[in-house]
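Inside the fold
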Amino acid sequence: MPRPSAGIIDDIEREDNQKGYESENLATFHQLVRHLTADGDRRAARDGRQARRTRAQMTLIGQGR
């Protein structure tokens, strides 16, 4: 009886891992960030405000502004 060995899926996965990080994951992440930024901008504009962009502006949230 032959010994079990890695199947074709394992071979494909190993080859894929050797290629390194896939840029499509990064593109998907950037698309999500752009969507969330645009959504925040729309919500702020609807209330007559501007979305905060800098760390200094974001720290004002708990200071009554």
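Residues numbered from 1 in each chain as written. Predicted model: local features only at pLDDT ≥ 70, side-chain atom pairs only at ≥ 80, totals over all residues. Heavy atoms only, no water.

1. Remarks on the overall build of the chain
Helix and strand content of the chain: 3 helices and 0 strands. For the chain, the N- to C-terminal ordering of α and β elements is α-α-α. Among the 65 residues that make up the chain, the fraction classed as buried is 3%. When the accessible surface of the chain is summed, it comes to about 6400 Å², and 53% of that surface belongs to carbon and sulfur atoms. (Helix = DSSP H or I, 4+ residues; strand = E, 2+ residues; numbered from the N terminus. Buried < 20%, exposed > 50% of the residue type's maximum accessible area, 1.4 Å probe, protein only. Areas by Shrake-Rupley, 256 points an atom, 1.4 Å probe, with all protein chains shown as cover.)

2. Notes on a nonpolar patch on the surface
Side chains of Tyr21, Leu26, Phe29 and Val33 sit close together on the surface and give an oily, nonpolar patch of about 420 Å² of accessible area. Mapped onto the fold, phenylalanine 29 is located in helix 2 (residues 23-46). When its relative accessible area of 49% is taken as the criterion, phenylalanine 29 is described as partly exposed. (Patch = residues over 30% accessible without salt bridge, like charges linked within 9 Å, V, L, I, M, F, W, Y side chains within 5 Å. Salt bridge = Lys/Arg side-chain N within 4 Å of Asp/Glu carboxyl O.)

3. Topic: the confidence of the model for the chain
Should pLDDT be low for a region, the predicted coordinates there are not to be read in detail. For the chain, the mean per-residue pLDDT works out to 78, and 78% of the residues sit at or above 70. Averaged pLDDT values for the elements of the chain fall to 74 in helix 3 (residues 55-58) and rise to 87 in helix 2. (pLDDT = per-residue confidence, 0-100.)

4. Quick notes on the environment of glutamine 50
Note that glutamine 50 resides in the loop between helix 2 and helix 3. The exposed category is assigned to glutamine 50, whose relative accessible area is 69%.

5. Quick word on the pattern of salt bridges
Here the idea is simple: oppositely charged side chains can pair when their charged atoms come close. According to the stated counting rule, one finds 3 salt bridges in the structure shown. For arginine 14, the salt bridge goes to aspartate 11, with nearest N and O atoms at 3.1 Å. With arginine 14 and aspartate 11 both in helix 1 (residues 8-19) and 3 residues apart, this pair spans about one turn of that helix. A residue is classified by how much of its surface remains accessible, and arginine 14, at 43% relative accessible area, is partly exposed. Residue class for aspartate 11 comes out partly exposed when judged on its relative accessible area of 33%. In this structure, arginine 42 engages aspartate 39 in a salt bridge whose closest nitrogen and oxygen atoms are separated by 3.7 Å.

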